[in-house]
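# Observations on the model geometry
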Amino acid sequence: MSGGVDSSVAAALLVEELGRDQVVGATLKLWGGASDSGCCSVADVEDARRVADQLGVVHHVFNFTAEFEARVVAPYVDGHAVGRTPNPCIECNRHLKFDRLFDRAWSLGFDAVATGHHARRATTEAGRHRLIRGADPLKDQSYVLAMLGQDQLARSLFPVGRLTKAEVRQEATRLGLRTALKPDSQDVCFIRSDEGRDGFLGDRLPLHDGRLIDDATGEDLGPVPAVELVTVGQRRGMGHGDDGRRRYVTAVDVPARRVRIGTPEAANASGVELHTVTWVDDDPTRIDASPECSAIAQCSAHGRPVACTVRRDGSGGLSVRFATPQRRIAPGQTVALYDPVDPEAVIGSGIAA
Amino acid sequence: MRAYLDHAATTPMRPDAVEAMLPYLTGADSFGNPSGSHRESRRARLAVDDAREQIAELLGADLGEVVFTGGGTEADNLAVAGVLGGLGARGGPIVCSAMEHHAVLNACRAAVEPGRGELREVGSDPAGRVDLDRLAAACTADVRLVSVMAVNNEIGTIQPLDAVSRLVRAQAPGAVLHTDAVQAVPWLAMAPITASVDLLALSAHKFGGPKGVGALVVRHGVAIEPVARGGGQERDRRSGTPNVAGIVAMAAALSATVAERTETTARVTGLRNRLLDGLLASVEGAEESGDRAHKVPGHAHLCFTGVESEAMVVLLDEAGVAASAGAACSSGAVEPSHVLLAMGLDKQAASTGVRFSLGTTSTDADVDRVLAVVPGLVAGLRN
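Residues numbered from 1 in each chain as written. Chains lettered and ligands numbered in written order. Predicted model: local features only at pLDDT ≥ 70, side-chain atom pairs only at ≥ 80, totals over all residues.

Turning our attention to the overall build of chain A. From N to C terminus, chain A includes eight helices and 16 strands. Its C-alpha radius of gyration of 22 Å places chain A within 12% of the 20 Å reference for a compact globule of 353 residues. In terms of overall dimensions, chain A has a C-alpha envelope of 70 × 50 × 35 Å along the principal axes. Burial status across chain A gives 44% buried among its 353 residues. (Helix = DSSP H or I, 4+ residues; strand = E, 2+ residues; numbered from the N terminus. Rg over C-alpha atoms; globule rule 2.2 N^0.38 Å. Buried ≥ 20, exposed ≤ 12 C-beta atoms within 10 Å, placed from the backbone.)

A separate point is the overall build of chain B. Within chain B, the secondary structure is distributed over 14 helices and twelve strands. Its C-alpha radius of gyration of 21 Å places chain B within 12% of the 21 Å reference for a compact globule of 383 residues. Put simply, 71% of the contacts in chain B that link residues at least 6 apart link residues at least 24 apart. (Contact = placed C-beta atoms within 7 Å.)

Contact with chain A, which involves eleven residues of that partner, is made by twelve residues of chain B. Residue assignment for the side of chain A that touches chain B shows that the elements contributing at least two residues are helix 2 (42–55), strand 2 (58–63) and helix 4 (88–107) of chain A. Looking at the side of chain A that touches chain B, the element that brings in the most residues is strand 2 of chain A, giving four residues. In terms of residue class, the side of chain A that touches chain B is built from six nonpolar, three polar and two charged. (Nonpolar A, V, L, I, M, F, W, Y, C, P; charged D, E, K, R; others polar.)

On to the confidence of the model for chain B, then. Here chain B averages 94 in pLDDT, while 97% of its residues score no lower than 70. Among the prediction metrics, the complex's ipTM stands at 0.82, with pTM recorded as 0.88. (pLDDT = per-residue confidence, 0-100.)

Attention now moves to helix 4 of chain A. Residue Arg94(A) marks the point of greatest curvature in helix 4 of chain A, where the axis turns by about 30°. Buried within helix 4 of chain A are the following residues: Pro88(A), Ile90(A), Glu91(A), Cys92(A), Asn93(A), Arg94(A), Leu96(A), Lys97(A), Phe98(A) and Arg104(A). Of the surrounding elements, those touching the buried residues of helix 4 of chain A are strand 1 (24–29), strand 2, helix 3 (65–81), helix 5 (150–154) and strand 15 (334–338) of chain A together with helix 12 (309–318) of chain B. The first or second residue beyond helix 4 of chain A is Gly109(A), which carries a positive phi of 95°. (Bend = angle between axes of the 7 residues up to and from the residue.)

All names here are of chain A. Formed by 87 residues in total, the largest nonpolar core has its most connected members in Ala11, Val259, Ala295, Val335 and Leu337. A per-element tally of this core places helix 1 (residues 5–18) first, with eight residues. Excluding residues that lie within four positions of it along the chain, alanine 11 makes contacts with Met1, Val23, Gly25, Val51, Ala52, Leu55 and Val57. (Core = buried A, V, L, I, M, F, W, Y, C linked by C-beta atoms within 7 Å.)

All names here are of chain A. Two numbers describe how helix 1 lies on helix 6 (residues 165–174): the axes approach to 9 Å, and their chain directions differ by 65°. Where helix 1 crosses over helix 6, the two elements pack in a sense that is left-handed. For the pair helix 1 and helix 6, the contacting residues are Val5, Asp6, Ser8, Val9 and Ala12 in the first and Val168, Arg169, Glu171 and Ala172 in the second. A breakdown of the residues in the contact of helix 1 with helix 6 according to their chemical character gives five nonpolar, one polar and three charged. (Axes fitted to C-alpha atoms, helices over the stretch in contact; angles between N-to-C directions. Left-handed = near helix turned anticlockwise from the far one by under 90°.)

This next bit is on helix 4 (residues 72–84) of chain B. Residues and elements named next belong to chain B. In a regular helix each residue adds 1.5 Å, so 13 residues correspond to 18 Å; helix 4 covers 18 Å between its end C-alpha atoms and thus fits that length. Burial of helix 4 is extensive: twelve of the 13 residues sit out of reach of the surface. Glycine 85 occupies a position one or two residues after helix 4 and carries a positive phi of about 60°. (Expected span 1.5 Å × (residues − 1).)

All names here are of chain A. Pairing of strand 4 (residues 119–123) with strand 5 (residues 129–133) involves five bridges; the strand directions are antiparallel. Residue arginine 120 lies in a different strand from strand 5, and its bridge partner there is isoleucine 132. The hairpin turn running from strand 4 into strand 5, its antiparallel successor, is five residues long, and glycine 127 in that turn takes a positive phi close to 85°. (Pairing = 2+ DSSP bridges.)

This part is about the sheet that holds strand 10 (residues 258–262) of chain A. Residue and element names in this part refer to chain A. The four strands lie next to each other as 8-7-10-9, forming an open sheet whose pairing is mixed. The outermost strands of the open sheet, each flanked by one partner alone, are strand 8 (220–224) and strand 9 (248–253). On average, each strand axis in the sheet is tilted by 30° relative to the strand beside it, whichever way the strands run. Across four bridges, strand 7 (residues 210–214) lies against strand 8 in antiparallel orientation. The residue bridging glycine 210 from the neighbouring strand is valine 224, located in strand 8.

The next point concerns the environment of Gly174(B). Residue and element names in this part refer to chain B. Mapping glycine 174 onto the fold places it in the loop between helix 7 (161–171) and strand 6 (176–180). Look at glycine 174 and you get exposed, because 12 C-beta atoms sit within 10 Å. With 71 residues separating them along the chain, glycine 174 and alanine 103 place their C-alpha atoms 23 Å apart.

This is the structure we're talking about:
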């Protein structure tokens, strides 16, 4: 229970379904530093506790700040130092919510962990679990859960996944929950809006000025501040070319302090190589049955799904070819793969090399 | 029946203390503001004066040395900020033990915000007592304030205040010596402690009094700048209408606590030893923190290797045992113990500490329950 409306309603639905003696609320204290609200402020813990009180369930706060620092924040900072931009929400889900919290829930004797994510779990007759997009296409969070596997899904519940956001708020209002009108959380929970990503990273990384290089000609186009803060695909601050068209970042070489920029076409890629590959089902028959597997790729939280083919690269990774060229995927970003036959269902994920 | 073993966090109020405070809450002729000049005020003022005299005597202090505050944290803050005044630590370095309660630690840290002087935090020996060699090195002649607690709140070790006092007087004669004695009152003779320091903080709810009232003993001649300014109550050292009923109840609780101390100490020592020895014998990988020979009777603190205390206290609670893991922060989450870190444990080990703290209301049945449930819970969590 983050203190937001989704997890509040998730708890309420569970209590309705299972009874209050079967449910315990838990809030994770993840970030020790300052935040706008994120998941960690005392005010949000208070909201979560008041909702739990109202629902008549016990509420605990678990302090996972050390793991959050080690597994989410430090890799986020270190990634930028070498030109990678990891997705902290996904790493938090991977290492904290669906690992550390699962272990804790286990040791306390619980059967499952429910979260307020907008996603759905479906179970086949054979007992295999599937991960399905949330019912509200605008709030669907299957992308940030795409790294879940059978073990985790077997013990996961997403009670609000079948509702739209409007229905979640209606339900919260109907139940008189204090979080009913609380605004949705935005952006990265450990970065304050007044400092922004650049301020946060600037306090933790030595930033270096670099050179802008024309992707087509290799020409040096002038200086660029803080290469660590430049992301592949970025348009902001890159100006226009001689042809009057906007320029995009096509590559960032932090050690060499070089940022290559080019035309929109040059900023596109026909595919992406993935490592840290996960499968929702342990047995991705489709990909093993044929060397070339078609799938649907989604490259950001609310990115447009795009048809692709997926091929094992022989060393544990995946090679993804898009049906039509896509804006380059920044190294470190997660690509979620969906089932071409059932585009609502996640089949796996990987991290862009 | 639940087993309440968190007396170091707070104690239930003693019935005689509740009884004592009632007239000053609702009594028609005694609810007054002690600063006024009519009969209702005089009654209230008399009660505060009586309580002050009683508390001073029980602590071995003079009547004029007792300043009532809104609890132990406020007393500690008044001690630190009051001594340093507007200058912060710029007037000379400050020294504190690294195992101080956060009420002292964070007050000291706030006094040395960037550019405002130096704070020297002195670690502990493995037994859980402030390291006197390191303290000696830290106490240079220009030190302005030294703070070493009387009894550590987490593991219960009695700090060598006598030696600390001699050391400070010899090496830093200009320094003010403060002690947070919040955990000492139920267990130790207070007069020798009071005699060895310049400032001493206490909190009523740790010995059967109400929450939200405490005191700072300020030795005559030690100048204290007020933190709360206003009507100049408490001889200009702590403004604000005194918590009359709370102060009266604190005096009653202290009086009863001191009167029963010998008996309580003997009885609780027996219970505590049975609890500790039982757990050490029945739980593999259980280790007592600190040296029992230097602990107050109420504290039993153990580390269960490989068992996260945050999970342990949740399961203990479900099994009917109220215990604690380290210090709870404002959100209710458990922080790795800074006390165990100060004793040289690593972060992981410092997250395995569980404190069972006993008090006047503790019974054999409480101990029996702990001994019955803990081995199973530890085994379950290790699986």
